[in-house]
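# Overview (structure and organization)
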Amino acid sequence: MDILKTIQERRSVRKYKADQVPEEILFEILEAARRAPSWANTQTWRFIIVKDDNAKRLLSGTLASNNPAKNALIEAPLTICLAAKKGVSGFYKGQCATDKGDYWFMFDAGIAMEHIALAAWNFGLGTCHVGLFDAGQAEDTLKIPDDYAIVEMTPLGYFDIVPAATPRKSLQDIVYLDQFGEPYKK
């Protein structure tokens, strides 16, 4: 599929079929994530594939009851959890290299997870970026070591209905010329 078309068509999916994701497709999706760029090629991300129903229920329990992705984590045949090592990405000789603090591991993880979302859509699979959850509880469930942090998770699976597109801001509302606030006119 054309990458621009994939970007335009991808949606957050929250209702899944029980159909299993073939291992070869899962590994192609993970390969896309592995190829994501990272700060100084640190590749600090680690992917935990959760298929166990009890573990998926426990992860769902880390979300607030009104989170629309809560049932999706249980319903989808698998959930991909992304953890990243702290204190590496964005650091040079052991020191934080920017004024952003120990933030770059999350930035790199977000890029890798978006690679997952786009690759999944290419195979007719849905995902949903899930970032609002009790991270400590999720880390306990997944046995994440202390020098790593869970950043995000996504259900992954087939779906029946493509969710409606959500409104996007216009380019004129978000693109400026030479300085913030100066309209870019074409």
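Everything numeric in this text was worked out from a predicted model, so none of it was measured. (Residues numbered from 1 in each chain as written. Predicted model: local features only at pLDDT ≥ 70, side-chain atom pairs only at ≥ 80, totals over all residues. Heavy atoms only, no water.)

Geometry of an aromatic ring pair is reported as the spacing of the ring centres plus the angle between the planes. Counted under the stated rule, the structure contains six aromatic pairs. Aromatic pair Trp39 and Trp104: ring centres 5.1 Å apart, planes at 45°, arrangement tilted. Of the two residues, Trp39 sits in the loop between helix H2 (23-34) and strand E1 (45-50) while Trp104 sits in helix H5 (residues 104-122), which places them 65 residues apart along the sequence. Judged by relative accessible area, Trp104 falls into the buried class, the value being 18%. Considering the side-chain rings of Tyr176 and Phe180, the 4.7 Å spacing of their centres and the 55° angle between planes classify their relative orientation as tilted. Owing to a relative accessible area of 32%, Tyr176 belongs among the partly exposed residues under this scheme. Every member of this aromatic cluster is reached through a ring pair, and the members are Trp39, Tyr103, Trp104 and Phe107. (Phe/Tyr/Trp six-rings, centres within 6.5 Å; stacked < 30°, edge-to-face > 60°. Helix = DSSP H or I, 4+ residues; strand = E, 2+ residues; numbered from the N terminus. Buried < 20%, exposed > 50% of the residue type's maximum accessible area, 1.4 Å probe, protein only.)

Take the packing of helix H3 (residues 53-60) against helix H6 (residues 135-142) next. At a minimum axis distance of 9 Å, the contact between H3 and H6 shows a crossing angle of 165°. In terms of orientation, H3 and H6 fall into the roughly antiparallel class. Here the hand of the crossing between H3 and H6 comes out right-handed. Every residue of H6 that contacts H3 at Ala55, Leu58 and Leu59 is listed here: Ala138, Thr141 and Leu142. Residue composition of the contact of H3 with H6, by class: five nonpolar, one polar and no charged. (Axes fitted to C-alpha atoms, helices over the stretch in contact; angles between N-to-C directions. Parallel < 35°, antiparallel > 145°, perpendicular 65-115°, else oblique. Left-handed = near helix turned anticlockwise from the far one by under 90°. Contact = heavy atoms within 4.5 Å. Nonpolar A, V, L, I, M, F, W, Y, C, P; charged D, E, K, R; others polar.)

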